Amino acid sequence: MTAFDKAAVAPADELTGSNTEANTMTSTPNDVSKVGVSAPTVVSAADAARIAAERKVRARRRLLSSSPLLMFGVLIVLFAFFTAMHPDTFPSFANVKNMLMDTAILMVMAVGVTYVMIAAGFDLSIGSVLVFGQVVAAKVMSGIGGQGAWTIVVGVVVSVLAGVVWGLFNGWVITKLRVPPLITTLGSLGAALGVAYLLTNGADVRDVPDAAYSIATGKLLGLSWIVWTAVVVVVIGGLVLHLTRFGRHTFVIGSNAEAARRSGINVDRHLIKLYCIAGGLSGFAGMMSLIRYTTTTVGGHGTDSLVVITGVALGGISLFGGIGLMIGSVIGMFIPTVLNNGLVSTNVSAFWQQVAIGLILIGAVYLDQLKRSRRDQP
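Note that the structure is predicted; figures quoted are calculated from it, not measured.

> Lay out the overall build of the protein in plain terms, naming residues and giving numbers.
Broken down by element type, the protein carries 17 helices and two strands. Here the protein holds 378 residues, and the buried ones make up 43% of them. At a minimum sequence separation of 6, the contacts of the protein that also span at least 24 residues come to 77%. When the accessible surface of the protein is summed, it comes to about 19200 Å², and 67% of that surface belongs to carbon and sulfur atoms.

> Run through the pattern of salt bridges, naming residues and quoting values.
Counting across every chain of the model gives five salt bridges. The residue Asp102 makes a salt bridge to Arg292 at a minimum N-O spacing of 3.1 Å. Of this pair, Asp102 sits in helix α6 (residues 93–118) while Arg292 sits in helix α14 (residues 267–293); the two residues are 190 residues apart in sequence, bridging distant segments of the chain. On the basis of relative accessible area, Arg292 is assigned to the buried category, the value being 18%.

> Account for the layout of surface pockets, with residues named and values stated.
Remark: the empty space left among the atoms is shown by a probe the size of a water molecule rolled over them. Roughly 630 Å³ of internal volume is contained in the largest pocket. Ranked by residues supplied to the lining of the largest pocket, first place goes to α6 with five residues. Tallied by class, the residues present in the lining of the largest pocket amount to eight nonpolar, 13 polar and three charged.

> Quick rundown of the nonpolar core? Include the residues and the values.
Soluble, globular proteins show a tendency: their nonpolar side chains are buried together. Counting 68 residues, the largest nonpolar core has Val108 and Val308 as its most contacted members. Counting residues per element, this core draws most heavily on α6, at 15 residues. When neighbours within four sequence positions are excluded, Val108 is seen to be in contact with Ala230, Val233, Leu281, Phe284, Ala285 and Met288. Residues Ala137, Ala212, Ala216 and Ile291 belong to the second largest nonpolar core, which totals 12 residues.

> Can you break down the packing of aromatic side chains residue by residue, with the values?
Applying the stated criterion across every chain, the model contains six aromatic pairs. Seen from their ring centres, Phe82 and Phe90 are 5.6 Å apart, and the 45 degrees between their planes marks the pair as tilted. Grouping residues by exposure puts Phe82 and Phe90 together as buried. Site record: aromatic cluster; members linked through ring pairs are Phe79, Phe81, Phe82 and Phe90.

> For helix α8 (residues 149–176), give the residues involved together with the corresponding values.
Spanning 28 residues, α8 covers 40 Å between terminal C-alpha atoms, matching the ideal 40 Å at 1.5 Å per step. In the segment just after α8, Arg178 is the residue with positive phi, at about 60 degrees.

> Any details on the side chain of Ser318? Residues and values, ideally.
By the secondary structure assignment, Ser318 is in the loop between α15 (304–314) and α16 (326–345). A polar contact of 3.1 Å, which involves the side chain of Ser318, links it to the backbone nitrogen of Phe320.

> Now, about the side chain of Asn170: what can you tell me, with residues and values included?
Its place among the elements puts Asn170 in helix α8. Asn170 sits in the buried class, given a relative accessible area of 2%. The contacts of Asn170, once residues within four sequence positions are left out, are Asp123, Ser125, Thr184, Thr185, Ser188 and Tyr275.

> Any chance you could break down helix α11 (residues 225–243) for me, citing the residues and the numbers?
End to end, α11 covers 27 Å across 19 residues, agreeing with the expected 27 Å (1.5 Å per residue, within 8%). Of the residues making up α11, those classed as buried are Ile226, Val227, Ala230, Val233, Val234, Gly237, Gly238 and Leu241. The arc enclosing the buried residues of α11, seen along the axis, measures out at 130 degrees, which places them on a common side. Where α11 is buried, its residues contact α6, β2 (223–224), α12 (245–255), α14 and α16. A distance of 3.1 Å separates the backbone nitrogen of Ile226 from a side-chain oxygen at the start of α11, and that oxygen is part of Ser224.

> How would you summarise unusual backbone geometry if you had to cite specific residues and measurements?
Generally, phi is negative for residues other than glycine and the peptide bonds are trans, each holding for most cases. With phi around 65 degrees, Ala120 is a residue other than glycine that occupies positive phi space. Mapped onto the secondary structure, Ala120 falls in the loop between α6 and α7 (126–144). Look at Ala120 and you get partly exposed, because its relative accessible area is 38%. Unlike most non-glycine residues, Thr294 shows phi in positive territory, near 50 degrees. Looking at where Thr294 falls in the secondary structure, it is placed in the loop between α14 and α15. Taking the relative accessible area as the measure of exposure, Thr294 reaches 16% and is therefore buried.

> Break down the packing of α8 against helix α9 (residues 181–200) for me, citing the residues and quoting the values.
Orientation of α8 relative to α9, taken along the N-to-C sense of each, is 150 degrees, at an axis distance of 9 Å. Of the possible angle classes, the one that applies to α8 and α9 is roughly antiparallel. Between α8 and α9 lies a crossing of right-handed hand. In this structure, α8 contributes Trp166, Phe169, Asn170, Val173 and Ile174 to the contact, and α9 contributes Pro181, Thr184, Thr185, Ser188, Ala191 and Ala192. In the contact of α8 with α9, the residues fall into seven nonpolar, four polar and no charged.

> Describe a nonpolar patch on the surface, and please don't skip the residues or the numbers.
On the surface, Val231, Val235, Leu239 and Leu243 cluster together into a nonpolar patch covering about 360 Å² of accessible area. Mapped onto the fold, Leu243 is located in helix α11. Residue classification places Leu243 among the exposed positions, given a relative accessible area of 61%.

Calculation rules
- Residues numbered from 1 in each chain as written.
- Predicted model: local features only at pLDDT ≥ 70, side-chain atom pairs only at ≥ 80, totals over all residues.
- Heavy atoms only, no water.
- Helix = DSSP H or I, 4+ residues; strand = E, 2+ residues; numbered from the N terminus.
- Buried < 20%, exposed > 50% of the residue type's maximum accessible area, 1.4 Å probe, protein only.
- Contact = heavy atoms within 4.5 Å.
- Areas by Shrake-Rupley, 256 points an atom, 1.4 Å probe, with all protein chains shown as cover.
- Salt bridge = Lys/Arg side-chain N within 4 Å of Asp/Glu carboxyl O.
- 1 Å grid on protein atoms, 1.4 Å probe; cavity = no way out; pocket = protein on both sides within 12 Å on 5 of 7 lines; lining within 4 Å.
- Points joined across faces, edges and corners; volume = space filled by probe spheres on them.
- Nonpolar A, V, L, I, M, F, W, Y, C, P; charged D, E, K, R; others polar.
- Core = buried A, V, L, I, M, F, W, Y, C linked by side-chain atoms within 4.5 Å.
- Phe/Tyr/Trp six-rings, centres within 6.5 Å; stacked < 30°, edge-to-face > 60°.
- Expected span 1.5 Å × (residues − 1).
- Polar contact = N/O pair within 3.5 Å; in protein donor to acceptor, adjacent residues only side chain to side chain.
- Arc of directions from axis to C-beta.
- Axes fitted to C-alpha atoms, helices over the stretch in contact; angles between N-to-C directions.
- Parallel < 35°, antiparallel > 145°, perpendicular 65-115°, else oblique.
- Left-handed = near helix turned anticlockwise from the far one by under 90°.
- Patch = residues over 30% accessible without salt bridge, like charges linked within 9 Å, V, L, I, M, F, W, Y side chains within 5 Å.

Structure follows, in structure tokens:
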């Protein structure tokens with residue numbers, strides 16, 4: 001039964017706010033009020049059709065103005081623009097595969113950041129946790145000395161656990177010590193990267209099992225296993241977020257944490273879980289990067305947090321919490337990648353790429369504030 005149908009048969013005391021006793025004092029032709037039941041409100045077929053049409057119009061407007069759809073349009077425009085600039089190289093299958101590979105590792109981290117931001121949290125440490133995870137995994141695999149696939153499995157487990165440890169630390173400090181997420185994860189950003197430097201003396205670890213080469217070069221339907229791994233993570237993350245109680249609790253906490261507490265949700269425990277998910281996925285992304293490049297990349301992830309947060313914000317995940325779609329994060333993450341690739345193809349300095357992404361992030365937050373203020377208006 002729709003909300004309109006419920007209103008059409010709702011008792012009059014529910015619609016007018018009057019109590020049952022008052023209704024029993026009023027006589028009606030059918031003497032319904034004598035037994036304490038109000039007569040149903042009758043809505044004409046014409047009014048019902050008009051209300052249904054208005055709802056369809058409002059739903060269509062919300063769809064057309066939704067961030068994922070708008071960003072998908074922006075993505076198409078960017079791709080078309082750079083294709084027109086370099087028709088021979090930019091739209092080639094090889095370049096598209098390269099962009100997918102670049103996005104895959106960032107996309108895995110974006111899934112965790114999506115959860116955290118929907119719950120009105122924030123995580124700046126993901127890039128450093130990625131580096132820490134891959135360094136610890138490389139050290140453990142090097143110590144084992146194996147070259148087979150089982151060594152890679154051990155590396156994956158170690159990198160994920162390393163990320164979960166940092167996520168647990170972030171969540172505990174935020175929920176128990178009440179340190180703001182921005183300050184907590186900013187501190188973790190420096191600490192995790194510093195520990196990674198201490199473990200490697202600032203030099204990359206290149207002793208990677210031979211099985212990593214097979215995974216990095218293996219393909220399914222012309223795409224690397226790294227890309228398909230990111231697809232699986234996104235699909236699972238989206239299903240859990242939108243179809244499970246865990247996902248619903250995440251939205252409720254982001255909308256109103258106090259209301260979530262009063263409804264029986266253990267908000268602190270849930271937030272710790274979310275930061276553990278973000279940390280674990282960052283560690284897993286570190287292992288993906290290690291497999292792709294067959295070496296740690298200690299100095300190559302300084303802007304990962306900026307890029308991921310920008311992409312997630314562009315996809316419509318509100319920085320104030322409670323709003324967002326996983327598909328929006330997927331679309332948003334491709335915009336920085338396409339922009340970076342297109343600027344490189346036009347021989348624009350890498351410094352300008354960082355300027356562009358920073359300005360895009362500011363614009364995304366500003367638009368989010370505008371939409372939030374409009375929703376709050378009566």
